[in-house]
Amino acid sequence: MIGILGGTFDPVHYGHLRSALEVKDIFGLDEVRLIPSANPPHRQQPATSAKMRRQMLALAIKNQPGLKVDTRELDRYDVDKIPSYMVDTLESLRQEFPTEPLLLFIGTDAFKYLTGWHQWQRLFDYAHIVVMTRPGFEIDVLDDFFKARLTQEINSLSQTVAGKLYFSQVTQLDISATAIRGIIADKQNPVFLLPDAVIEYIKQHKLYETH
Ligand code: ATP
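Residues numbered from 1 in each chain as written. Predicted model: local features only at pLDDT ≥ 70, side-chain atom pairs only at ≥ 80, totals over all residues. Heavy atoms only, no water.

What is the right way to look at the environment of Met52 in this model?
Here Met52 shows up in helix α2 (residues 50–60). In this structure, the C-alpha to C-alpha distance between Met52 and Asp10, residues 42 residues apart in sequence, is 8.9 Å. Among residues more than four places away in sequence, those in contact with Met52 are Tyr201, His205 and Leu207. (Helix = DSSP H or I, 4+ residues; strand = E, 2+ residues; numbered from the N terminus. Contact = heavy atoms within 4.5 Å.)

I keep staring at the pattern of salt bridges and nothing clicks. Help me out?
As a working rule, side chains carrying opposite charge can pair if their charged atoms are close by. According to the stated counting rule, one finds eight salt bridges in the structure shown. Where Glu31 meets Arg33, a salt bridge forms, and the shortest distance between an N and an O atom there is 2.6 Å. The same class applies to Glu31 and to Arg33, which are both buried. In this structure, Glu31 engages Lys68 in a salt bridge whose closest nitrogen and oxygen atoms are separated by 2.7 Å. Taken together, the residues span a long stretch of sequence, with Glu31 in strand β2 (residues 31–36) and Lys68 in strand β3 (residues 67–69) at a distance of 37 residues. Residues joined in a network through salt bridges with shared partners are Glu31, Arg33, Lys68, Asp70, Arg72 and Glu96. (Salt bridge = Lys/Arg side-chain N within 4 Å of Asp/Glu carboxyl O. Buried < 20%, exposed > 50% of the residue type's maximum accessible area, 1.4 Å probe, protein only.)

Would you mind showing me how to read helix α4 (residues 86–96) here?
Along an α-helix, residues three or four apart share an orientation, since each turn contains 3.6 residues. All of the buried residues in α4 are Met86, Val87, Thr89, Leu90, Leu93 and Arg94. Take α4 and look down its axis: the buried residues cluster within an arc of 160°, on one side only. (Arc of directions from axis to C-beta.)

Would you mind going over the nonpolar core with me for this structure?
Generally speaking, a soluble globular protein has its nonpolar side chains buried in company with each other. Of all hydrophobic cores here, the largest spans 33 residues; its most connected members are Phe27, Leu34 and Phe105. Secondary structure elements with two or more residues in this core: α1 (14–26), β2, α2, β4 (102–107), β5 (128–133), α9 (177–185) and α10 (196–204). Looking at this core, the element that brings in the most residues is α10, giving four residues. What Leu34 contacts, discounting residues up to four positions off in sequence, is Leu5, Phe9, Leu17, Ala20, Leu57, Ile61, Lys68, Val69 and Asp70. Membership of the second largest hydrophobic core comes to 24 residues, among which are Ile4, Leu102, Ile129 and Leu165. (Core = buried A, V, L, I, M, F, W, Y, C linked by side-chain atoms within 4.5 Å.)

What is the right way to read the sheet that holds β5 from this model?
Adjacent strands of a sheet pair through backbone hydrogen bonds, lying either parallel or antiparallel. Ordered in space as β3-β2-β1-β4-β5-β6, the six strands form an open sheet in which the pairing is parallel. Lying at the two open borders of the sheet, with one neighbouring strand each, are β3 and β6 (165–169). Averaged over all pairs of adjacent strands, the angle between their axes in this sheet comes to 30°, without regard to strand direction. Against the sheet, α1 contacts β1 (2–7), β2, β3, β4, β5 and β6, and its axis sits at roughly 150° relative to β2. (Pairing = 2+ DSSP bridges. Axes fitted to C-alpha atoms, helices over the stretch in contact; angles between N-to-C directions.)

Explain the packing of α2 against α10 here, please?
Two packed helices can be described by the angle between their axes and the distance between those axes. Look at α2 against α10: their axes get within 8 Å of each other, and the N-to-C directions meet at 150°. In this view, α2 runs roughly antiparallel relative to α10, as classed from their interaxial angle. Our pair here, α2 against α10, has a crossing hand that is right-handed. Listed contacts from α10 to Met52, Gln55, Met56, Leu59 and Ala60 of α2 are Ala197, Val198, Tyr201 and Ile202. Grouping the constituent residues of the contact of α2 with α10 by class yields eight nonpolar, one polar and no charged. (Parallel < 35°, antiparallel > 145°, perpendicular 65-115°, else oblique. Left-handed = near helix turned anticlockwise from the far one by under 90°. Nonpolar A, V, L, I, M, F, W, Y, C, P; charged D, E, K, R; others polar.)

Explain the pairing of β5 to me, please; I cannot follow it from the model alone.
On a regular strand, each side chain points to the face opposite its neighbour's, so the side chains alternate between the two faces of the sheet. Most of β5 is tucked away, with six of its six residues classed as buried. Where burial is concerned, the two faces of β5 agree: the one with His128, Val130 and Met132 and the one with Ile129, Val131 and Thr133 are both buried. The pairing of β4 with β5 spans five bridges and is classified as parallel. Looking at the pairing, Leu103 lines up with His128 of β5. Strand direction decides the pairing type here: β5 and β6, joined by five bridges, are parallel. Bridge pairing in β6 places Ile129 opposite Leu165.

If you want it as structure tokens, here you go:
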């Protein structure tokens, strides 16, 4: 089973990294692929170049063999220049891994807007979706499309390669890249929110110094 965490990673922080590690262990995954988005469709363009966001990710996971940077969205954008749709990313992973269950991890906030994603129903053709929830946080109403796919049996995710919806609790760290960019622009200290190697990189390249 392969896990996937897409994001802008501008910059990567302990909220991403801790969640990725926990779900890797909870689901017994061979690896979790962190996939930086080249041109995210639903938000402002990242402040930082794709190359730098990728380099920060590589520094952050250097000593964690189960976490990998997957650059397929960046590579694809170099060729086609169209927005980085997750459905295209999952299709390409499915071609590479025809018989592996794929688990797409998204935060609760991202799940709330899932039905706005490009061809969102097709995501379930290629992967299971696992929503990483806050302890005690419930999503109260699920529509029929989601109810039909919902499972509470963790084992059922390894029995089919795609198509199920599962809610999993991870330790919630209230850290966001937006807040980190603000802290740096305000000349405050971002230490303990993201890895020191990434902070060093940000300093060297003078990133996020203005609002
Ligand atoms: P920004 O503040 O720039 O919007 P972000 O910190 O939310 O960035 P993204 O790179 O956009 O980070 O997030 C990628 C994925 O990681 C999303 O699915 C998001 O829900 C999840 N995520 C981000 N921060 C956390 C966190 N602190 N805990 C759990 N999941 C997170």
